[in-house]
Amino acid sequence: MTGQLSSAMPFVEAFDPVKHNLPGAELGWMKALRETGIEQFNALGFPTPKQEAWKYTRLKSLEDTRYQPVIDEDGMTPLDSIPSVLPNPEDRPRLVFVNGR
């Protein structure tokens, strides 16, 4: 994969080490779908306001957030270790799905 847009690189680089542990990784069609998706994301990067469908959507906070897999010794992700991108996350309900859970 040869990235053209630097904002996508941290996400593209983080995908490779974890792709074999993702749910459904043993399914050929799922593996192909994910590989195609990450290649397209690497080539296109994040959408920008210059694209009509995204003109009112700002993704800067998503781009600036560094994500990493977080798993404790039981293989579960502790909820308090997942950062929120929302202001005052304690003031509202929050649903977090990690590895399909």
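Everything below is about the structure shown above.
Residues numbered from 1 in each chain as written. Predicted model: local features only at pLDDT ≥ 70, side-chain atom pairs only at ≥ 80, totals over all residues. Heavy atoms only, no water.

Within this structure, the stated rule accounts for 1 cavity of 30 Å³ or more. Considering only enclosed or pocket space, the largest cavity measures out at about 70 Å³ in volume. If you trace the largest cavity, you find it lined by Phe15, Lys19, His20, Ala25, Lys31, Arg34 and Glu35. The biggest single contributor to the lining of the largest cavity is helix H2 (residues 28-44), with 3 residues. In the lining of the largest cavity, the residues fall into 2 nonpolar, 1 polar and 4 charged. (1 Å grid on protein atoms, 1.4 Å probe; cavity = no way out; pocket = protein on both sides within 12 Å on 5 of 7 lines; lining within 4 Å. Points joined across faces, edges and corners; volume = space filled by probe spheres on them. Helix = DSSP H or I, 4+ residues; strand = E, 2+ residues; numbered from the N terminus. Nonpolar A, V, L, I, M, F, W, Y, C, P; charged D, E, K, R; others polar.)

Attention now goes to the layout of surface pockets. Looking at the second largest pocket, its volume works out to about 200 Å³. Looking at the second largest pocket, it is lined by 10 residues, and the ones nearest its centre are Leu44, Gly45, Phe46, Pro47 and Gln51. Per-class residue counts for the lining of the second largest pocket are 5 nonpolar, 4 polar and 1 charged.

A few words now on the pattern of salt bridges. Scanning the entire structure with this criterion turns up 3 salt bridges. Here Lys19 makes a salt bridge to Asp16, at a shortest N to O gap of 2.8 Å. Judged by relative accessible area, Asp16 falls into the partly exposed class, the value being 42%. Glu35 is paired through a salt bridge with Lys19; the nearest N and O atoms lie 3.1 Å apart. Highlighted residues: Glu35 in helix H2 and Lys19 in the loop between helix H1 (9-18) and H2, separated in sequence by 16 residues. Just as Glu35 is buried, Lys19 falls in that class too. Overlapping salt bridges bring together Asp16, Lys19 and Glu35 as one network. (Salt bridge = Lys/Arg side-chain N within 4 Å of Asp/Glu carboxyl O. Buried < 20%, exposed > 50% of the residue type's maximum accessible area, 1.4 Å probe, protein only.)

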